[in-house]
Amino acid sequence: MRVCVIGTGYVGLVTGACLAHIGHDVVCIDNNEEKVKIMKSGQSPIFEPGLSDIMQSAISTGKIEFSSDLAAGVAHGEILFIAVGTPPLPTGESDTRYVEAVARGIGAHLDGGYKVIVNKSTVPIGSGDWVRMIVLDGIAERQNTLITAGGAPTYDKLPEITAQFDVVSNPEFLREGSAVYDTFNPDRIVLGGNSPRAIAMMKELYTPIVERKFATDPSLPPVPVLVTDLSSAEMIKYAANAFLATKISFINEVANICDRVGADVTQVAKGIGLDSRIGNKFLNAGIGWGGSCFPKDVSALIHTADDYGYETQLLKAAVSVNERQRLLAIEKLQQTLKILKGKTVGLLGLTFKPDTDDMRDAPALNVIEQLNRLGARVKAYDPIVSQTGMRHGLSGVLVETDAERLADGCDALVLVTEWQQFKNLDYAKMAQLMSHPVMIDGRNFLDPEIMVRAGFQYVGIGR
Ligand SMILES: NC(=O)c1ccc[n+]([C@@H]2O[C@H](COP(=O)([O-])OP(=O)(O)OC[C@H]3O[C@@H](n4cnc5c(N)ncnc54)[C@H](O)[C@@H]3O)[C@@H](O)[C@H]2O)c1
Ligand SMILES: O=c1ccn([C@@H]2O[C@H](COP(=O)(O)OP(=O)(O)O[C@H]3O[C@H](CO)[C@@H](O)[C@H](O)[C@H]3O)[C@@H](O)[C@H]2O)c(=O)[nH]1
């Protein structure tokens, strides 16, 4: 099928490349010319495991193209994905201006055959109908331009723009760091809409994925496809993220109690996770959830409920537990080192989770800010950020090129991100290089016994 994906970030580029990989003809549109240039050269502008490989193979088979020409993209696609960002506004609401610009742009270029416009971006509940309205506005604006182009409006000669389209909500559940895997191995596909024609086209688009033709385990039963109305699909996305974030806040609260009573949260998580009603995933206690999705999506859902006069007590509590948790590393540093002024603290990891270069709303940012405020010097080593340099606009932190340079002269290390390579560092050597070999393991990632043997004073979260 002919697909156009508008917005080539973590979601759009992965979606476009994966759809091309399974045989569709994809045009990816982005208004960032620099990004388009990089993608045209076969490189991925983001770090996402496996993405460059499938991009390059799709480029070589001619299945994918990159452009900043929205008109050409709209003309090409039978299915048009909107995958631009919906970042948080200071109020907590979702900023939908990029979605609006794209919907208007689609309207301005829509002509001829039937198209399905897909909301892949995470958008506030009710956005499906709103996008439809903006697309119609775009069409009307175009008509107006055409009418007035020759001078005074000639309404009696209304040009015929035969635009037929439907809007579908197709929320995305991929995780950064495993986005390509998640796209080929989804737990479910959600399609919201009331047009049987549009839903049928979406089902056809996803058939190879539903039939697990590109899955790691093709013998699994087909991927469930849930068809709902627009608002329910939009709500599913928010509810899923809010549930997962609340689950992490729950285990973090349990960890804080474990710390006080002397229990080990890693064993507690194992013990409750074996109950199939609870499940063992998303029970890793640590220094809080971050990233480009959980914080903004939970805030947006709280805001939506507020708009309807409903106070979300549970979600607000999940956020407040998280805000406190994100400063727990500072509390533990103070308990261990007492005065932080004049001390040097090294951060192992900066990104909000491993296997990504994404720093949006990363807990490391809070830790850096607080340590600076308390007069400590902050250094960091991150396998990706240390390579990409200061592109992230980090301030108040010296980014080192390796873990041993990081350890050199530090009074404490804080493991912020559980990069796999941090399992096998030469911790004995690092301990020797430090002024005080203290390790605050913010992700309960390291083996306490090994760390003690390496010469560290080890402090975990709830263990
Ligand atoms: N990042 C994730 O893991 C994830 C997962 C599921 C859902 N989502 C949702 O998907 C959406 C996209 O998130 P993301 O992380 O991929 O965003 P992103 O910021 O990485 O990418 C957005 C892209 O859209 C482009 N863009 C902005 N305005 C444009 C326009 N008018 N025309 C063309 N391109 C334009 C930007 O240049 C950028 O490349 C958001 O709503 C997000 O909540 C994200
Ligand atoms: O047991 C856990 C699991 C995660 N986290 C933290 O939670 C945050 C989010 O992690 P994760 O969900 O793995 O990453 P994202 O890429 O943000 O993915 C989430 O957000 C996406 C955007 O909406 C959704 O598509 C995904 O389904 C959803 O998992 C990170 O800071 C993690 O460190 C924990 O603290 N403990």
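Residues numbered from 1 in each chain as written. Chains lettered and ligands numbered in written order. Predicted model: local features only at pLDDT ≥ 70, side-chain atom pairs only at ≥ 80, totals over all residues. Heavy atoms only, no water.

- Looking at an unreviewed UniProt entry, one finds the protein chain named UDP-glucose 6-dehydrogenase, with Brasilonema bromeliae SPC951 as its source organism.
- Note on the protein chain: under the UniProt heading Sequence similarities (unreviewed entry), the record states "Belongs to the UDP-glucose/GDP-mannose dehydrogenase family."
- Under Pathway (unreviewed entry), UniProt gives the following word-for-word description of the protein chain: "Nucleotide-sugar biosynthesis; UDP-alpha-D-glucuronate biosynthesis; UDP-alpha-D-glucuronate from UDP-alpha-D-glucose: step 1/1." (UniProt positions renumbered as here; feature names shortened; annotations may be inferred.)

A word on the site of ligand 2
- As a structural note, the neighbourhood of ligand 2 is formed by 19 residues, with Phe 173, Leu 174, Glu 176, Lys 237 and Cys 293 the closest of them.
- In the environment of ligand 2, an oxygen atom lies 3.5 Å from a nitrogen or oxygen atom belonging to the backbone of Glu 172.
- Between Phe 173 and ligand 2, the recorded distance is 2.7 Å, taken from a backbone N or O atom to an oxygen atom.
- About the coverage of ligand 2: the protein hides 92% of its 690 Å² of free accessible area.
- Secondary-structure elements contributing two or more residues to the shell around ligand 2 are helix H9 (230–261) and helix H11 (294–307).
- Counting residues per element, the shell around ligand 2 draws most heavily on H9, which supplies 3 residues. (Near = heavy atom within 4 Å. Polar contact = N/O pair within 3.5 Å; in protein donor to acceptor, adjacent residues only side chain to side chain. Areas by Shrake-Rupley, 256 points an atom, 1.4 Å probe, with all protein chains shown as cover. Helix = DSSP H or I, 4+ residues; strand = E, 2+ residues; numbered from the N terminus.)

A closer look at the packing of aromatic side chains
- If you walk through the whole model with that rule in mind, you get 5 aromatic pairs.
- Arranged with centres 6.3 Å apart and planes meeting at 80°, the rings of Trp 289 and Phe 294 form a pair that is edge-to-face.
- For Trp 289, a relative accessible area of 4% puts it in the buried group.
- The residue whose ring lies beneath Arg 132 is Phe 165, and the NZ or CZ to ring-centre distance is 4.6 Å.
- Geometry around Tyr 114 places Arg 197 over its ring, the cationic atom sitting 3.8 Å from the centre. (Phe/Tyr/Trp six-rings, centres within 6.5 Å; stacked < 30°, edge-to-face > 60°. Buried < 20%, exposed > 50% of the residue type's maximum accessible area, 1.4 Å probe, protein only. Lys NZ or Arg CZ within 6 Å of the ring centre and 35° of its normal.)

Details of unusual backbone geometry
- Here the phi dihedral of Lys 338 falls at roughly 65°; this positive angle occurs in a residue that is not glycine.
- Residue placement: Lys 338 occurs in the loop between helix H13 (328–337) and strand S9 (344–348).
- The exposure class assigned to Lys 338 is exposed, which follows from its relative accessible area of 60%.
- With a phi close to 65°, Asp 355 is a non-glycine residue in the positive phi region.
- Residue Asp 355 is classed as partly exposed on the basis of its relative accessible area, which comes to 36%.

Considering the pattern of salt bridges
- Using the criterion set out here, one finds 21 salt bridges in the structure.
- Among the salt bridges present, the one from Arg 277 reaches Asp 275, with a minimum N-O distance of 2.8 Å.
- One salt bridge in this structure joins Asp 361 and Arg 326, with 3.0 Å as the shortest N-O distance. Of this pair, Asp 361 sits in the loop between S9 and helix H14 (363–373) while Arg 326 sits in the loop between helix H12 (313–325) and H13, placing them 35 residues apart in sequence.
- Sharing partners across several salt bridges, the network here consists of Glu 100, Arg 104 and Glu 141. (Salt bridge = Lys/Arg side-chain N within 4 Å of Asp/Glu carboxyl O.)

Quick look at the domain arrangement of the protein chain
- Structurally, the protein chain comprises domain 1 (2–228), domain 2 (237–324) and domain 3 (326–459).
- Computed from C-alpha coordinates alone, the two centres of domain 1 and domain 2 are separated by 31 Å.
- The largest contributions to the domain 1 side of the interface with domain 2 come from Gly 92, Thr 122 and Ile 125, which together make up 39% of the buried area.
- Across the domain 1-domain 2 interface, the total number found is 0 salt bridges.
- Of the residues contributing to the side of domain 1 that touches domain 2, the split by class is 7 nonpolar, 5 polar and 4 charged. (Domains from an automatic or database assignment. Buried area = accessible area lost by both parts, 1.4 Å probe. Nonpolar A, V, L, I, M, F, W, Y, C, P; charged D, E, K, R; others polar.)

Considering helix H1 (residues 12–21)
- Extensive coverage of H1 is indicated by the burial of 9 of its 10 residues.
- Taken together, the buried positions of H1 are occupied by Gly 12, Leu 13, Val 14, Thr 15, Gly 16, Ala 17, Cys 18, Leu 19 and Ala 20.
- One or two positions beyond H1, positive phi appears at Gly 23, with a value near 115°.

Some details on the packing of H1 against helix H3 (residues 51–60)
- Where H1 meets H3, the closest approach of the two axes is 9 Å, and the angle between their N-to-C directions is 50°. Comparing the axis directions of H1 and H3 gives the class oblique. By crossing handedness, the relation of H1 to H3 is classed as left-handed. Across the interface between the two elements, Leu 13, Val 14, Ala 17, Cys 18, Ala 20 and His 21 of H1 pack against Leu 51, Ile 54, Met 55, Ser 57 and Ala 58 of H3.
- Taken together, the residues that form the contact of H1 with H3 break down as 9 nonpolar, 2 polar and no charged. (Axes fitted to C-alpha atoms, helices over the stretch in contact; angles between N-to-C directions. Parallel < 35°, antiparallel > 145°, perpendicular 65-115°, else oblique. Left-handed = near helix turned anticlockwise from the far one by under 90°. Contact = heavy atoms within 4.5 Å.)

Here's the deal with the site of ligand 1
- The environment of ligand 1 is formed by 26 residues, the closest being Asp 30, Lys 35, Thr 86, Glu 176 and Lys 296.
- Between Glu 176 and ligand 1, the recorded distance is 2.8 Å, taken from a side-chain N or O atom to a nitrogen atom.
- Computed on the free molecule, ligand 1 has an accessible area of 830 Å², of which 87% lies beneath the protein chains in the complex.
- The residue inventory of the shell around ligand 1, partitioned by class, reads 9 nonpolar, 10 polar and 7 charged.
- Each of domain 1 (2–228) and domain 2 (237–324) accounts for three or more of the residues forming the shell around ligand 1.

Some remarks on the pairing of strand S2 (residues 25–29)
- Within S2, 4 of the 5 residues are buried, leaving the element largely enclosed by the surrounding structure.
- Across 5 bridges, the pairing between strand S1 (residues 2–6) and S2 is parallel. Across the sheet, residue Arg 2 finds its bridge partner in S2, namely Asp 25.
- Taken together, S1, H1 and S2 constitute a β-α-β crossover, and its handedness is right-handed. (Pairing = 2+ DSSP bridges. Right-handed = clockwise from strand over helix to strand, strands pointing away.)

Describing the environment of Ser 127
- Assignment of secondary structure puts Ser 127 in helix H6 (residues 127–148).
- Overall, Ser 127 belongs to the buried group, its relative accessible area being 5%.
- Along the backbone, Ser 127 and Ser 169 are 42 residues apart, and their C-alpha atoms lie at a distance of 8.8 Å.
- The residues touching Ser 127, leaving out its near neighbours within four places in the chain, are Asn 119 and Glu 234.
- At 2.5 Å, the side chain of Ser 127 forms a polar contact with the backbone oxygen of Pro 124.

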